[in-house]
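Chains, contacts and geometry: an overview
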Amino acid sequence: MAQLVELHQQGYRVVVDAALQGFFDRIPHPRILDLGAGESADGNILHLITKFLQAGVREEGEGRPTWQGTPQGGGISPLLANIVVNHLDGRLDALGSLFVRYADDLVGLCPTKRQADKALEAVTACVEDELGWRLNPDKTHLTTVGQGFDFLGSHVTARTIRMGGKAEERFKMKIKECTRRRHNLDTAVVTKINRVIRGTVRSFATAFSTCLGQFHALDRWIRRRIRCMKSQRIWKTDNRRLQSRHISRMGVGRCREVSVGAREGEETTPRKGQYRWGRPV
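Residues numbered from 1 in each chain as written. Predicted model: local features only at pLDDT ≥ 70, side-chain atom pairs only at ≥ 80, totals over all residues. Heavy atoms only, no water.

Strand order in the open sheet formed by 4 strands is β4-β5-β1-β6, and the pairing between neighbours is antiparallel. Two strands bound the open sheet, and with one partner strand each, they are β4 (98-102) and β6 (141-144). This sheet shows a mean twist of 20° between the axes of neighbouring strands, independent of strand direction. Judged from the 5 bridges that link them, β4 and strand β5 (residues 105-110) form a sheet pairing that is antiparallel. Each residue of the ladder has a partner; that of L98, found in β5, is L109. Contacting β4 and β5, helix α4 (residues 77-95) crosses the sheet at an angle of about 175° to β4. Contacts between helix α5 (residues 113-130) and the sheet are confined to β1 (14-19), β5 and β6, with β1 contributing the most and set at about 15° to the helix. (Pairing = 2+ DSSP bridges. Helix = DSSP H or I, 4+ residues; strand = E, 2+ residues; numbered from the N terminus. Axes fitted to C-alpha atoms, helices over the stretch in contact; angles between N-to-C directions. Contact = heavy atoms within 4.5 Å.)

Dropping the structure here:
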């Protein structure tokens, strides 16, 4: 967070937000083998990679060959994909761009819109002409740090890094699944709610995040869901019938408390989006 603010003060205010389309589905096999040969000259390894890529898939009991892409869920699929995309990292390094990439998501910082346009053109040319991929038109655009951008589930601006809208919606959907009105509010339900809270909050409660206000709002929303579940309705007087302290006595955790605990050094789940500017992770 501090590094992003410092770069913003230095004039890096235009953001190139790009994403590859079909990260595992569209990688050309010849390009994988060509770039893989640059990493390893062992013919046996390249032969194993070829067999892995051409093993085929089975759909509805029938097998069909695969001529492009890597099997999703395959043990070495992320490694092969990153070997290919490292070629793009080299192009961006040569341009002197400040960027961070995680798998198929790429964000670059530029001082001016003109430089950002050139960087996006370079990314497009490298991805489409040299790698045989395509950029996702719905997720590729130019923006500014002031307006903010989404990266790895977080919404990042010059002053804040908080849970993104899609991540918050996924969190709410999980809580809704646990707090359906036809279910009883028993120990099993409380355990499921706490598991969802810990898993999500610990992912976003980093030293540089600014999510406390957002977590407080989510705590209030979770309490409303529990009151609706307990009373089988939505009514204002239920706030007095089942107050927050009573819900806490049932064992239901709070997002803010989990967040503070994570910041104070409790064991946390490694966050998918931990990164530093200037180098891919």
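We now examine the confidence of the model for the protein. Summarising the model, the protein shows a mean pLDDT of 79, and 85% of its residues fall at 70 or more. Taking the mean pLDDT of every element in the protein, the minimum, 60, falls on helix α9 (residues 238-241) and the maximum, 92, on helix α6 (residues 165-178). Residue range residues 267-281 is modelled with pLDDT below 50. Its contacts to residues more than four positions away, or to other chains, number 39 contacts. (pLDDT = per-residue confidence, 0-100.)

For the structure on display, the rule yields 5 salt bridges. The shortest N-O distance in the salt bridge between D89 and R101 comes to 2.9 Å. In this pair, D89 is assigned in helix α4 and R101 in strand β4, connecting sequence segments 12 residues apart. Across this residue pair, the class does not change: D89 and R101 are buried. Between E130 and R91 there is a salt bridge whose closest N-O contact spans 3.1 Å. On the criterion of sequence distance, the pair formed by E130 in helix α5 and R91 in helix α4 is long-range, its members being 39 residues apart. Given a relative accessible area of 26%, E130 falls into the partly exposed group. (Salt bridge = Lys/Arg side-chain N within 4 Å of Asp/Glu carboxyl O. Buried < 20%, exposed > 50% of the residue type's maximum accessible area, 1.4 Å probe, protein only.)

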